[in-house]
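So you can see what is in the structure, the chains are spelled out below.
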Amino acid sequence: MMNETIGLLKQHRSIRKFTKDPVTAEQLDAILTAAQQASTSSNMQAYSVIGITDKELRSELAKLAGNQAYIEESSVFLVWCADLYRWEQAAKRHYDEEILSTTENFIIGTVDAALAAQNAAVAAESLGLGIVYIGGIRNQPEQISELLELPQHVYPVFGMCIGVPDQSPLDRPRLPRSAVYYENSYNTSTIDSNIDAYDETMSNYMRARSNGKAGTTWSEAMAAKAGPVRMHMRSFLQKQGFELE
Ligand SMILES: Cc1cc2nc3c(=O)[nH]c(=O)nc-3n(C[C@H](O)[C@H](O)[C@H](O)COP(=O)(O)O)c2cc1C
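Because the structure is a prediction, the values reported are computed rather than measured.

Q: Would you explain the environment of Ser59 in this entry?
A: Tracing the backbone shows Ser59 in helix α3 (residues 55-64). For the pair Ser59 and Glu72, spaced 13 residues apart in sequence, the C-alpha separation works out to 6.0 Å. Among the polar contacts listed, one links the side chain of Ser59 to the side chain of Glu72, at a separation of 3.4 Å.

In structure tokens:
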């Protein structure tokens, strides 16, 4: 089954090269309206988004996020934050006991930020714009939080570049449906064959893509993520006041 919305979602590819054309104020307004309309746990709206309009600050952030050039080149750069600070300010007007920093609320803030961001991404793409998420924002989250003056109980989950696409990358194939969708219970017996099938798909895709290492399989790429990655996150989150009780 196909309609305009599903067709748009199917068209998604991350864009890492942008023209110099601006995202207009009207477009950004529409993107943020879409973001704010996302579902949100108990209407907590436990996220904030910071638009980086200052050129020098943008440049600093690009360096801190792994020198990804498109952070500087995109018309718009947004930092999506999980935000329990504002919620706390509201709650403490009516709650006299200590407000705990719970794992549950940490999950709520992170999920709310992701849902709002993905609405923004889809809205941007519906306007003919391109986006890429930037997890690199968590490479040096402490410095980034300082630059953005984030209060306690707020942390940057990821960034997002938005701009007019200057490339049309190949559609990156996804896992077979049976690898991600189960009925009624999880089924481990098909995982190996699905990994085999997807390894072959991704190896062909990487060969077809000029900038990919020829023939790299998915499981090889996943092994590269199996070591210690961003091990600073736990102590960083503690510093930001996330005790995760
Ligand atoms: C939370 C998150 C963080 C990401 N961080 C980066 C990043 O720092 N740099 C980058 O080039 N792409 C980043 N990506 C994009 C993914 O690599 C991309 O979505 C994935 O490979 C699938 O490709 P596609 O979006 O083109 O379909 C990120 C995606 C997500 C969801």
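Q: Could you clarify how one ought to interpret a nonpolar patch on the surface in this entry?
A: Residues Ile107, Val111 and Leu115 make up a contiguous nonpolar surface patch of roughly 230 Å² in combined accessible area. Counting through the fold element by element, Ile107 comes out in helix α6 (residues 103-126).

Q: Would you mind showing me how to read the site of the ligand here?
A: Lining the immediate environment of the ligand, one finds 14 residues, of which His12, Ser14, Arg16, Gln68 and Tyr70 sit closest. One of the side-chain nitrogen or oxygen atoms of His12 is found 2.7 Å away from an oxygen atom of the ligand. One nitrogen or oxygen atom from the side chain of Ser14 is found 2.6 Å from an oxygen atom belonging to the ligand. The protein chains hide 68% of the 620 Å² of surface that the ligand would expose on its own. Per element, the largest residue contribution to the shell around the ligand is three residues, and it comes from strand β3 (residues 130-134). Residue classes in the shell around the ligand are distributed as five nonpolar, five polar and four charged.

Q: When you look at the nonpolar core in this model, what are you seeing that I'm missing?
A: Side chains of nonpolar character tend, in soluble globular proteins, to be buried together. Grouped together as the largest cluster of nonpolar side chains are 31 residues, with contacts concentrated most on Ile31, Trp80, Tyr155, Met160, Ile162 and Leu237. If you tally residues by element for this core, the top one is α6, at nine residues. If near-sequence neighbours (up to four positions away) are discounted, Ile31 is found in contact with Ala120, Ala123, Ala124, Leu127, Leu129 and Ile162. In this structure, Leu64, Ile137, Leu148 and Leu150 belong to the second largest nonpolar core, which totals 20 residues.

Q: Quick question: what am I supposed to make of the domain arrangement of the protein here?
A: It is common to give the size of an interface as the accessible area lost on bringing the parts into contact. Per the domain assignment, the segments of the protein are domain 1 (4-169) and domain 2 (170-227). In this structure, domain 1 and domain 2 have C-alpha centres spaced 27 Å apart.

Q: Just to check I follow, could you spell out α6 for this structure?
A: Residues separated by three or four positions in an α-helix point in the same direction, a consequence of the helix having 3.6 residues per turn. Over its 24 residues, α6 extends 35 Å from the first C-alpha to the last, a length consistent with the 34 Å expected when each residue adds 1.5 Å. Trailing α6 by a residue or two, Gly128 shows a phi angle of about 85°, which is positive.

Q: Looking at this structure, I do not really get the environment of Ile107. What am I missing?
A: With relative accessibility at 42%, the residue Ile107 sits in the partly exposed group. Sequence-wise, Ile107 and Leu84 are 23 residues apart; in three dimensions their C-alpha atoms are separated by 10 Å.

Q: Explanation requested: unusual backbone geometry in the structure shown.
A: Where the residue is not glycine, phi is negative for most of them; where a peptide bond is considered, it is trans in most cases. Located in the positive-phi region is Asn67, a residue other than glycine, with phi close to 55°. Locating Asn67 in the fold gives a position in the loop between α3 and α4 (70-73). For Asn67, a relative accessible area of 58% gives the class exposed. Phi is positive for Arg230, close to 45°, though the residue is something other than glycine. Inspection of the secondary structure assignment puts Arg230 in the loop between α10 (218-223) and α11 (233-239). A relative accessible area of 28% places Arg230 in the partly exposed class.

Q: It is not clear to me how the sheet that holds strand β1 (residues 47-51) should be interpreted in this structure. Could you clarify?
A: Each strand in a sheet pairs with another by means of backbone hydrogen bonds, the pair being arranged parallel or else antiparallel. Taken in spatial order, the four strands of this open sheet run β1-β2-β4-β3, and their pairing is antiparallel. Looking at the sheet topology across the chains shown, the edges are occupied by β1 and β3. Neighbour-to-neighbour, the strand axes of the sheet open up by a mean angle of 25°, direction not taken into account. Inspection of the sheet shows β3 paired to strand β4 (residues 154-163) by five bridges, in the antiparallel sense.

Q: For this particular structure, what's the right way to read the packing of aromatic side chains?
A: Between two aromatic rings, the relevant description is the distance of the centres plus the angle of the planes. Scanning the entire structure with this criterion turns up seven aromatic pairs. Look at Tyr47 and Trp80: their rings are 6.4 Å apart centre to centre, the planes differ by 35°, and that puts the pair in the tilted class. Note that Tyr47 is positioned in strand β1 and Trp80 in strand β2 (residues 76-83), a separation of 33 residues in sequence. Here Tyr47 falls in the buried class, since its relative accessible area comes to 11%. An angle of 45° between the planes, with centres 4.4 Å apart, marks the rings of Tyr182 and Tyr186 as tilted. Classification of Tyr186 as exposed rests on a relative accessible area of 58%. Through a chain of ring-to-ring contacts, the aromatic side chains of Phe106, Tyr155 and Phe242 assemble into a single cluster.

Reading guide: rules and limits
Numbers given to residues run from 1 along each chain, matching the order in which its sequence is written. Thresholds applied to this predicted model are a pLDDT of at least 70 for local features of residues and 80 or more for the giving and counting of side-chain atom pairs; totals over whole chains, interfaces and linings are not thresholded and use all residues. Heavy atoms from the whole structure form the basis of all side-chain values; hydrogens and water molecules are not counted. The way it works is that DSSP assigns letters per residue, a run of H or I at least four long becomes a helix, a run of E at least two long becomes a strand, and they are numbered from the N terminus. Two N or O atoms count as a polar contact when they lie within 3.5 Å, although within protein this holds only if one can serve as hydrogen donor and the other as acceptor, and sequence-adjacent residues are included solely when both atoms are side-chain atoms. A patch consists of residues whose relative accessible area exceeds 30% and which take part in no salt bridge; residues with like charges are grouped when within 9 Å of each other, and nonpolar side chains (Val, Leu, Ile, Met, Phe, Trp, Tyr) when within 5 Å. Reported accessibility uses the Shrake-Rupley method at a 1.4 Å probe radius. Residues are deemed covered only where the shown protein chains occlude them. Each salt bridge in this description consists of a side-chain nitrogen of Lys or Arg and a carboxyl oxygen of Asp or Glu lying within 4 Å of one another. For this purpose, a residue is taken to be near a molecule or strand whenever a single non-hydrogen atom of the residue falls within 4 Å of it. Throughout, the ten residues Ala, Val, Leu, Ile, Met, Phe, Trp, Tyr, Cys and Pro are labelled nonpolar, Asp, Glu, Lys and Arg are labelled charged, and all others, Gly among them, are labelled polar. Nonpolar cores are built from buried Ala, Val, Leu, Ile, Met, Phe, Trp, Tyr and Cys residues. Side-chain atoms within 4.5 Å join them into one set. Accessible area is worked out with a 1.4 Å probe on protein chains only. A residue is then buried under 20% of its type maximum, exposed over 50%, and partly exposed in between. Contacts: residue pairs with any heavy atoms within 4.5 Å of one another. Domain delimitation follows an automatic or database domain assignment. Take the number of residues in a helix, subtract one, and multiply by 1.5 Å to get its expected span. We treat two strands as partners when DSSP finds at least two bridges between them. Helix axes are fitted only over the stretch in contact, all axes being lines through C-alpha atoms; the angle between N-to-C directions runs from 0 to 180 degrees. Pairing of aromatic rings covers Phe, Tyr and Trp, the last counted by its six-membered ring, and requires centre-to-centre distances within 6.5 Å; plane angles under 30 degrees mean stacked, over 60 mean edge-to-face, and any other angle means tilted.

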